[in-house]
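# Inside the fold
So the chains spell out like this:
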There are 2 protein chains.
Amino acid sequence: MTKYPEGAEGEAQLDRMFRALGDSTRRAMVARLVHGPASVSQLAEPFGMALPTVVQHLRVLEAAQLVSSEKVGRVRTYQLVPDALVPANAWIVAQRRPQESRLDRLGDFLTQPQPTEKKD
Amino acid sequence: MTKYPEGAEGEAQLDRMFRALGDSTRRAMVARLVHGPASVSQLAEPFGMALPTVVQHLRVLEAAQLVSSEKVGRVRTYQLVPDALVPANAWIVAQRRPQESRLDRLGDFLTQPQPTEKKD
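In this report, the structure presented in the accompanying data block is examined. Since the model is a prediction, treat every value here as computed from it, not as a measurement. (Residues numbered from 1 in each chain as written. Chains lettered and ligands numbered in written order. Predicted model: local features only at pLDDT ≥ 70, side-chain atom pairs only at ≥ 80, totals over all residues. Heavy atoms only, no water.)

### Structural notes on the relation of the copies chain B and chain A
- Superposing chain B onto chain A takes a rotation of 180° plus a shift of 0.0 Å along the axis, which leaves an RMSD of 0.0 Å. Expressed as an axis order, the relation between the two copies is that of a two-fold axis.
- When you check the interface residues of chain B against chain A, 100% turn up at the interface there too, and the contact is symmetric in its surfaces. (Least-squares fit on C-alpha atoms with pLDDT ≥ 70 in both. Contact = heavy atoms within 4.5 Å.)

### Side note on the side chain of Asp15(B)
- Among the structural elements, Asp15(B) can be located in helix H1 (residues 7-21).
- Take Asp15(B): its relative accessible area is 14%, and that puts it in the buried class.
- There is a polar contact of 2.8 Å between the side chain of Asp15(B) and the side chain of Arg27(A).
- Setting aside its immediate chain neighbours within four residues, Asp15(B) contacts Gly22(A), Asp23(A), Ser24(A) and Arg27(A). (Helix = DSSP H or I, 4+ residues; strand = E, 2+ residues; numbered from the N terminus. Buried < 20%, exposed > 50% of the residue type's maximum accessible area, 1.4 Å probe, protein only. Polar contact = N/O pair within 3.5 Å; in protein donor to acceptor, adjacent residues only side chain to side chain.)

### Observations concerning the interface of chain B and chain A
- The interface of chain B with chain A comprises 29 residues on the first partner and 29 residues on the second.
- On the surface where chain B and chain A come into contact, there are four salt bridges.
- A salt bridge links Arg27(B) to Asp15(A); the nearest nitrogen and oxygen atoms lie 2.8 Å apart.
- There are eight residue pairs in polar contact (both at pLDDT 80 or more) connecting chain B and chain A.
- For the side of chain B that touches chain A, the secondary-structure elements that each account for two or more residues are H1, helix H2 (24-33), helix H5 (86-94) and helix H6 (98-111) of chain B.
- The biggest single contributor to the side of chain B that touches chain A is H1(B), with six residues. (Salt bridge = Lys/Arg side-chain N within 4 Å of Asp/Glu carboxyl O.)

### Comments concerning the sheet that holds strand E1 (residues 38-39) of chain B
Residues and elements named next belong to chain B.
- On the basis of which strands lie adjacent, the open sheet formed by three strands has the order E1-E3-E2 and antiparallel pairing. The outermost strands of the open sheet, each flanked by one partner alone, are E1 and strand E2 (67-72).
- Strand direction decides the pairing type here: E2 and strand E3 (residues 75-80), joined by six bridges, are antiparallel. In the strand pairing of E3, Ser68 is matched with Gln79.
- With respect to the sheet, H2 is in contact with E1, E2 and E3, its orientation differing from that of E3 by roughly 85°.
- Contacts between helix H4 (residues 51-63) and the sheet are confined to E2 and E3, with E2 contributing the most and set at about 120° to the helix. (Pairing = 2+ DSSP bridges. Axes fitted to C-alpha atoms, helices over the stretch in contact; angles between N-to-C directions.)

### Some points on the packing of helix H1 (residues 7-21) of chain A against helix H5 (residues 86-94) of chain A
Residue and element names in this part refer to chain A.
- Running from N to C, H1 and H5 cross one another at 100°; their axes reach a closest spacing of 10 Å. Judged by the angle between their axes, H1 and H5 are roughly perpendicular. Residues Gln13, Leu14, Met17 and Phe18 of H1 form the contact with H5, whose own contacting residues are Pro87, Ala88, Trp91 and Ile92.
- The residue makeup of the contact of H1 with H5, split by class, is seven nonpolar, one polar and no charged. (Parallel < 35°, antiparallel > 145°, perpendicular 65-115°, else oblique. Nonpolar A, V, L, I, M, F, W, Y, C, P; charged D, E, K, R; others polar.)

### Here's the deal with the pattern of salt bridges
- Counting across every chain of the model gives eight salt bridges over all chains.
- Its salt-bridge partner being Arg27(A), residue Glu11(B) comes within 2.6 Å of it at the nearest N-O pair. With Glu11(B) in helix H1 and Arg27(A) in helix H2 (residues 24-33), this residue pair bridges two chains.
- What makes Arg27(A) buried here is its relative accessible area of 1%.
- Within this structure, Glu11(A), Asp15(A), Arg19(A) and Arg27(B) form a network of salt bridges that share partners.

### As for the pairing of strand E3 (residues 75-80) of chain A
Residue and element names in this part refer to chain A.
- Of the pairings in the sheet, the one linking strand E1 (residues 38-39) to E3 comprises two bridges and is antiparallel in character. Bridging from a neighbouring strand, Ser39 pairs with Thr77 of E3.
- Between strand E2 (residues 67-72) and E3, which pair antiparallel in sequence order, lie two residues; one of them, Gly73, sits at a positive phi of approximately 65°.

Here is the structure:
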């Protein structure tokens, strides 16, 4: 299992990441970028938002290390950071109750394909 | 796969949940409650925080449907809502890149125990 980042900097990173995800517009931008890079205006389009508002949301996502950007000529393109959501996911997964982990293992055992006995 | 909540209310719920998790003290409270219910003063202890501050954090967690509380006599006890983190986790899992899902399936295939050929 991937470990979530620990220590003060790890906690600060998780703070930024979870807060960045605590906004439906920013979540929609992440969901859009899953399908490939996009320019600011492409990202702005579905939201009918002023570009500066969109840029502000993208800055929050960039500070949270969820997206990165590069400027080619006059166009800035945003893309999802590979494995961007792994730290948030790892934290959530680490919070399973001990009894749930046991149940998971039992579930894994029960759903694993068992060798079938041949009846001939 | 569990679906994350959709529609305006679903988005608002995810907003509250991710924002509630965007604070290291609140995450530590969730991590504590994974191991069982606790009173406000038990939750306050490791943080060396004033009780009103702790109560404020707990209210944010309760509004996000991550914890619930009940008062018996003069003691209010908090507990984790069962499957509390499922909506947040479901949203994160839904953001996998299409090619990652394909790789996951390939990975599953490759790591599945294969029938071994007996050499006798």
